[in-house]
Amino acid sequence: MTSEEMPKAYDPRETEPRWYELWEREGLFRASDAPDDDRPTYTIAIPPPNVTGSLHMGHACRTTFEDVLIRHKRMQGRNTLWIPGTDHAGIATQVVVERQLKREGLSRHDLGREKFVERVWKWKEESGGTILRQLRKMGASCDWSRERFTMDPGLSRAVREVFVRLYEEGLIYRATRLINWCVDCRTALSDLEVESEENVEGELFDFAYPVAEGEGEGEVVVSTTRPETMLGDTAVAVHPDDERYTHLHGKFVQHPFLPRRIPVITDAELVDPEFGTGVVKVTPAHDPNDFATGKRHDLDEINILNLDGTLNAEAGPFQGMERFKARRAVKEALEAKGLARGSKKHLMTLPRCQRCNTIVEPIISTQWFVKMEPLAKPAIEVVERGEVQIIPEEWTKTYFHWMRNIQDWCISRQLWWGHPIPAWYCERHGHVNVGREAPTRCGECDETQFRQDEDVLDTWFSSALWPFSTLGWPEQTIDLSRFYPTDDMETGYDILFFWVARMIVMGLKFMGDVPFRRVLLAGLVTDERGEKMSKVKGNVVDPLDVIGGATIDELLAKAEKSGAQRSGLDYLEKTYPEGFAAYGADGLRMTLLSYSPQSRRIALSIKRIEGYRNFVNKLWNASRYALMNLDGAEARATGEPPAAPRELANRWILSRLGHALSAADQGLEDYRLDDASQALYHFVWGELCDWYLELSKPLLASDDEAVVRETRATLVHVLETTLRALHPMMPFITEEIWQRVPKHDASPKSIMVARWPEAEREGRADEEAERDMAVLQAAIGAARTIRAEHDLPRKKEIPLVLRAADGARAVLEREQAAIRFLVRASVEYDGNVDAEIPPRTAVSVAEGVTVLVPLAGLVDLDKERDRLERELKKVDKDLTGVEKKLGNASFVDRAPPEVVDKERARLESLRAEKTQLEAALAKL
RNA sequence: GGGCGGGUAGCUCAGCGGUAGAGCGUCGGUCUUACAAACCGAAUGUCGCAGGUUCGACCCCUGUCCCGCCCACCA
């Protein structure tokens, strides 16, 4: 009933959505909150993607990883919870909706704040769920009934609660400081949101400040990379010990464009007398060093910039100019006044806005900050004590370095979309009132009228609470007590500081416990050249295209629409001329799992995806074969291997199954899903398909009913167990096949909730079978080599003579049928290992077995000579190595005896091989 | 300026103290009754360079050269 319905090639497009719907409908993803459920839990909080987002390879990679962990633990019987959700993503979302408005010819200011925010909500309801739908296509088994959004009422409440408590403890404060300002986003940014572009070719421009009238003669020459900032200069500084300028101490220079005399100050901290002229212009309002200097000397802080990056009234004649225009204008004006003193090339670092790439301006502004140092301390300690384990471990150093040098966190943003800051200012005095609700009466005066702070919080502020806010905090819910702390947090290393560190901080502060036990940091997915995927470069590989397939025209059209450059489109066309086939979610998942998590870069290759798609198909066909042979038979999968199998192939595959399961377990335990998936991949393809299924053919055709029965029982057991072991990695195809496998009546309705297989239970270690099988494989391999090298057509049966010492010979005699079938040969045995080799005979040696094929004049003797010489050369090389090793007295004395014994045994077998090969060569 | 990671087969990478591995690619052969998205076979490496430790080093140590990334206020 089953195998006939299975087409030769597996098509994931039909299968995958069908099973996902069933799983979801049956509620199999749901974690239990039943009060009497005392199973151990396992929890992962998803790194919430931006609501604006759509699935990219980074998400696909993490989703796969997390889903494997969750499915594995679920099969082990844990009460598993994978909390899904999205992040409101402040700027990103606001920009999307603003862009939409622009198409209607409107700006957010036309709507006003309230209407605008309403509009964003509307947009969020309509199109915000895209990415979560896409996660389903990957097979993500999230508990959708617990989906959260960082601006849900519950989570917003958590945000206010945290803000208020931190404020009350003095850990949140409002201050006027030099902050990073993005003139394009028109908001303050935290230090982390500023990316520095290194080694930019810039210009160091020199100009002179004339000494002010009545202060003496001459001038001082200063250098700057930002000439326009001189409009905000309120001092020039020299080193106190620099004798060149002693005469100017306490004097003034004259600002060339503004009615301002500027003091000459001495400052040993700011000024390096060796650098340039040894004079530094000081702009406290627009440079961090100068700001600090200004504080030390109580200098005026003159802000010259408007929030949009144009110059304000302080700039005098330059007022209203855009900042870079002003830069040129100031230089020209200095030229005109004869004050320019030349310029030179200068390599510098440019601060840019992480989001829009605009050059960031340091400006003085009043913002809200979190005092980080006291909060960071316990967060450092839990990692030191291993209560939170960071994997791969080398990231702990990075974590410590950042946490130990932590700066206060600027959390206010001048946006409209986000969590409003729960601070109100009384109308009369502007007294600050922070609270969970709007105040009715000022805490410091009697005022009852307030205006709320207009800023919103950094989007990472609410993300930092994610592991407990999603579970209902500050309410004491069952979920919170049951699922916090979560177990594993898997995310990209690029947000180690943005997110991971802050979750640890907030978790410890408000839950008194770590938010998760392990942090798994994944690398960045790049294109096959190792270049970062970007829309402009046109090298973005969309997981959905990989899953469902896309023609090159579709890919090109999409890339072009999202703004790819010509070169990007060319690359795309050249690299994927055929587009993508529908590789399916299972194939993609398996591919993503195969990359080492140690690596910082995952250079995704379509060829590799194709390889794993082929693996999926291989599994399909292997199952097809198995099911064909089980059709109508009484064999059922029971979860137990057949008792006392006698056939070598059956014993061997059960033993190998055990090994594969152990290796998979080990990989999962170590979070080396690459090892786990490789172990199963090689078991399925290299052992199950390449050897066992082939060997099962003669067994299933046997006249001996007992042999057939035993083989069917083994086949169904190995297949069913393998499917369960592969299920976390390839959920769809394993379900599709598993449903067709004959099982006993009590088996669960889905493989998702079937029992995770264990090496000791489902496998059956059998060293003898493994040894015997190695002999058989060697003999078959050697015979095949001869066949291939001599172009002996497959149809022609060849006469084989197998020579081996007693033990090995007995194995080969017992397995005669297998050899006949796999090599298509007649077989004779010869126990006399040292006997003469007949003339004109092809010889190959391996594992103590000598395979002889009389060539009977049919074949090219030169070819055989070449081959033998090649084999001999290899043996000789190995032999030289072993002889040298054993000839070394220190090795024999000092190496562990088992190593020496192993080498001796090897020496023996290599010598025997050499003798055989030489004899063969001589007889040719 | 500090820190981290990497340099292994043509390509992408795994391995990490006891005989150099995988996938893809290459070459030769096969429509063998699960699979041509397959099968069988073959070739391919002074494991960046130089020292050192060790009976033994791709693996550990030191130095060095390249290539990435992160952090940092040098005008």
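Check the entry above for the structure.
Residues numbered from 1 in each chain as written. Chains lettered and ligands numbered in written order. Predicted model: local features only at pLDDT ≥ 70, side-chain atom pairs only at ≥ 80, totals over all residues. Heavy atoms only, no water.

1. A look at the sheet that holds strand S16 (residues 409-410)
And step 1. What the 4 strands build is an open sheet, ordered S6-S5-S14-S16; its pairing is antiparallel. Since the sheet does not close on itself, it has two edges, and those belong to strand S6 (187-189) and S16, each with one partner.
And step 2. In this structure, strand S14 (residues 361-370) lies alongside S16, joined through 2 bridges in antiparallel fashion. Within S16, the position partnered with Phe369 by the bridge is Cys410. (Pairing = 2+ DSSP bridges. Helix = DSSP H or I, 4+ residues; strand = E, 2+ residues; numbered from the N terminus.)

2. Some remarks on the protein's contact with RNA strand B
And step 1. In the vicinity of RNA strand B there are 54 residues, among which Phe275, Asn289, Arg794, Arg894 and Arg906 approach most closely.
And step 2. Of all RNA strand B atoms lying within 4 Å of any protein atom, the proportion belonging to sugar or phosphate reaches 59%.
And step 3. Side-chain polar atom of Arg601 to a phosphate oxygen of RNA strand B: 2.8 Å apart, as the coordinates give it.
And step 4. A distance of 2.8 Å separates a sugar or linking oxygen of RNA strand B from a polar side-chain atom of Asn621.
And step 5. Elements represented by at least two residues in the surface near RNA strand B include exactly helix H11 (395-404), helix H20 (606-630), helix H22 (673-700), helix H26 (767-789), helix H29 (861-887), helix H30 (889-894) and helix H31 (897-923).
And step 6. Among the elements that make up the surface near RNA strand B, the one with the highest residue count is H20 (10 residues).
And step 7. The residue inventory of the surface near RNA strand B, partitioned by class, reads 17 nonpolar, 13 polar and 24 charged. (Near = heavy atom within 4 Å. Polar contact = N/O pair within 3.5 Å; in protein donor to acceptor, adjacent residues only side chain to side chain. Nonpolar A, V, L, I, M, F, W, Y, C, P; charged D, E, K, R; others polar.)

3. Observations regarding the pattern of salt bridges
And step 1. Scanning the entire structure with this criterion turns up 69 salt bridges.
And step 2. For the salt bridge of Arg146 with Asp143, the shortest nitrogen-to-oxygen distance reads 2.5 Å.
And step 3. For Lys558, the salt bridge identified is with Asp542, shortest N-O distance 3.0 Å. Remark: Asp542 occurs in the loop between strand S24 (524-526) and helix H16 (543-548) and Lys558 occurs in helix H17 (residues 552-561); sequence separation between them is 16 residues.
And step 4. Because the salt bridges share partners, they merge into one network encompassing Glu14, Arg18, Glu736 and Arg740. (Salt bridge = Lys/Arg side-chain N within 4 Å of Asp/Glu carboxyl O.)

4. What about the layout of surface pockets?
And step 1. If you add up the space inside the second largest pocket, you get close to 910 Å³.
And step 2. As for the second largest pocket, its lining consists of 33 residues, and the residues nearest its centre are Thr224, Thr225, Arg226, Asp287 and Asn289.
And step 3. When contributions to the lining of the second largest pocket are tallied by element, the ones reaching two or more residues are strand S8 (219-224), strand S12 (279-282), helix H8 (288-297), helix H9 (323-336), strand S13 (340-353) and S14. (1 Å grid on protein atoms, 1.4 Å probe; cavity = no way out; pocket = protein on both sides within 12 Å on 5 of 7 lines; lining within 4 Å. Points joined across faces, edges and corners; volume = space filled by probe spheres on them.)

5. Examining H29
And step 1. Here H29 is 27 residues long and its end C-alpha atoms lie 37 Å apart, about the 39 Å a rise of 1.5 Å per residue gives.
And step 2. Among the residues making up H29, those that are buried are Glu864, Arg867, Leu868, Glu871, Leu872, Val875, Leu879, Val882 and Leu886.
And step 3. Packing partners of the buried residues in H29 comprise H26, strand S28 (841-846), H30 and H31. (Expected span 1.5 Å × (residues − 1). Buried < 20%, exposed > 50% of the residue type's maximum accessible area, 1.4 Å probe, protein only. Contact = heavy atoms within 4.5 Å.)

6. Observations regarding empty space enclosed by the protein
And step 1. On inspection of all chains with the given rule, the structure shows 3 cavities of 30 Å³ or more.
And step 2. Looking at the largest cavity, its volume works out to about 60 Å³.
And step 3. Around the largest cavity sit Ile46, Pro47, Pro49, His59, Arg62, Thr63, Glu66 and Leu135, which together line it.
And step 4. Among the elements that make up the lining of the largest cavity, the one with the highest residue count is helix H2 (residues 57-75) (4 residues).
And step 5. Here the residues of the lining of the largest cavity are counted per class, giving 4 nonpolar, 2 polar and 2 charged.

7. Brief notes about helix H24 (residues 731-738)
Note on helix geometry: an α-helix contains 3.6 residues per turn, so any two residues three or four positions apart are oriented the same way.
And step 1. A large share of H24 lies buried, amounting to 8 of its 8 residues.
And step 2. Inspection of H24 places Pro731, Phe732, Ile733, Thr734, Glu735, Glu736, Ile737 and Trp738 among the buried residues, and these make up the whole buried set.

8. Focus on the side chain of Glu720
And step 1. Within the secondary structure, Glu720 sits in helix H23 (residues 705-726).
And step 2. Separated by 2.8 Å, the side chains of Glu720 and Arg724 make a polar contact.
And step 3. Those residues within four positions of Glu720 in sequence are excluded, and the remaining contacts are Ala637, Trp738 and Val741.

9. Focus on the packing of aromatic side chains
And step 1. Inspection of the entire model under this criterion finds 28 aromatic pairs.
And step 2. Between Phe205 and Phe207 the ring centres are 6.5 Å apart and the planes differ by 35°, which places this aromatic pair in the tilted class. Phe207 shares its class with Phe205; the two are buried.
And step 3. An angle of 40° between the planes, with centres 5.8 Å apart, marks the rings of Tyr681 and Trp685 as tilted. You can see Tyr681 and its partner Trp685 sitting in helix H22, 4 residues apart, about one turn around the helix.
And step 4. According to the relative accessible area criterion, Tyr681 is buried, its value standing at 18%.
And step 5. Among the aromatic residues, those joined into a cluster by ring pairs are Phe163, Tyr167, Trp368, Trp409 and Phe461.
And step 6. Note that Lys73 overlies the ring of Tyr42, its terminal NZ or CZ placed 4.8 Å from the centroid.
And step 7. In this structure, Arg108 is placed above the aromatic ring of Trp416, and the distance from its NZ or CZ to the ring centre is 4.5 Å. (Phe/Tyr/Trp six-rings, centres within 6.5 Å; stacked < 30°, edge-to-face > 60°. Lys NZ or Arg CZ within 6 Å of the ring centre and 35° of its normal.)

10. Overview of the pairing of strand S7 (residues 194-210)
And step 1. Pairing analysis gives 11 bridges linking S7 to S13, with the strands arranged antiparallel. Bridging across to S13, Ser196 finds its partner in Pro351.
And step 2. Here 6 bridges tie S7 to S8, and the two strands are oriented antiparallel to one another. When the sheet's bridge partners are listed, Ala208 is paired in S8 with Val221.

11. Some thoughts on the side chain of Lys73
And step 1. With respect to the helices and strands, Lys73 occurs in helix H2.
And step 2. The buried charged residue Lys73 lacks any salt bridge partner; its closest oppositely charged side chain belongs to Asp488, at an N-O distance of 5.4 Å.
And step 3. The contacts of Lys73, once residues within four sequence positions are left out, are Tyr42, Arg78 and Thr80. (Lys, Arg positive; Asp, Glu negative; His and termini not counted.)

12. Quick look at the sheet that holds strand S29 (residues 849-854)
And step 1. One open sheet holds the 4 strands; their spatial order is S27-S26-S29-S28, and the pairing between them is mixed. A single partner strand is all that each edge strand has here, and the edge strands are strand S27 (825-830) and S28. Here the average twist between neighbouring strands, direction ignored, is 25°.
And step 2. Judged from the 6 bridges that link them, S28 and S29 form a sheet pairing that is antiparallel. (Axes fitted to C-alpha atoms, helices over the stretch in contact; angles between N-to-C directions.)

13. A word on a negative patch on the surface
And step 1. Negative charge collects at one region of the surface, where Glu634, Asp703, Asp704 and Glu705 lie side by side.
And step 2. If you trace the backbone, Asp703 turns up in the loop between H22 and H23. (Patch = residues over 30% accessible without salt bridge, like charges linked within 9 Å, V, L, I, M, F, W, Y side chains within 5 Å. Areas by Shrake-Rupley, 256 points an atom, 1.4 Å probe, with all protein chains shown as cover. Charge placed at Lys NZ, Arg CZ, Asp CG, Glu CD.)

14. Let's talk about the nonpolar core
In summary, soluble globular proteins display a tendency toward joint burial of nonpolar side chains.
And step 1. Ranked by size, the top nonpolar core spans 205 residues in total, and within it Met57, Tyr399, Met403, Phe461, Ile504, Met506 and Leu800 carry the most contacts.
And step 2. Counting residues in each nonpolar core, the second largest holds 42 residues, with Ala175, Ala188, Val236 and Ala333 among its members. (Core = buried A, V, L, I, M, F, W, Y, C linked by side-chain atoms within 4.5 Å.)

15. Re unusual backbone geometry
And step 1. Across the junction of Ile391 and Pro392, the peptide omega takes the value -5°, indicating a cis bond.
And step 2. Mapping Pro392 onto the fold places it in the loop between strand S15 (389-391) and H11.
And step 3. Look at the link from Tyr484 to Pro485: it is a cis peptide, with omega at -5°.
And step 4. Phi at Ala89 is positive, roughly 50°, even though this residue is not glycine.
And step 5. With respect to the helices and strands, Ala89 occurs in the loop between strand S3 (85-86) and helix H3 (90-103).
And step 6. On the accessibility criterion, Ala89 (4% relative accessible area) is buried.

16. Re the packing of H29 against H31
And step 1. Following both chains from N to C, one finds H29 and H31 inclined at 150°, their axes separated by 9 Å at the closest point. Between H29 and H31, the crossing angle belongs to the class labelled roughly antiparallel. When you trace H29 past H31, the crossing you get is left-handed.
And step 2. Looking at the contact of H29 with H31 residue by residue, the class counts come to 12 nonpolar, no polar and 14 charged. (Parallel < 35°, antiparallel > 145°, perpendicular 65-115°, else oblique. Left-handed = near helix turned anticlockwise from the far one by under 90°.)

17. Examining the packing of H23 against H24
And step 1. Contact pair H23 / H24: the axes reach a minimum separation of 9 Å and the direction vectors enclose 155°. Relative to H24, the element H23 is oriented roughly antiparallel. Between H23 and H24 the crossing geometry is left-handed. Of H24, the residues touching H23 (which contributes Glu720, Leu723, Arg724 and Leu726) are Thr734, Ile737 and Trp738.
And step 2. For the contact of H23 with H24, a count of residues per class yields 4 nonpolar, 1 polar and 2 charged.

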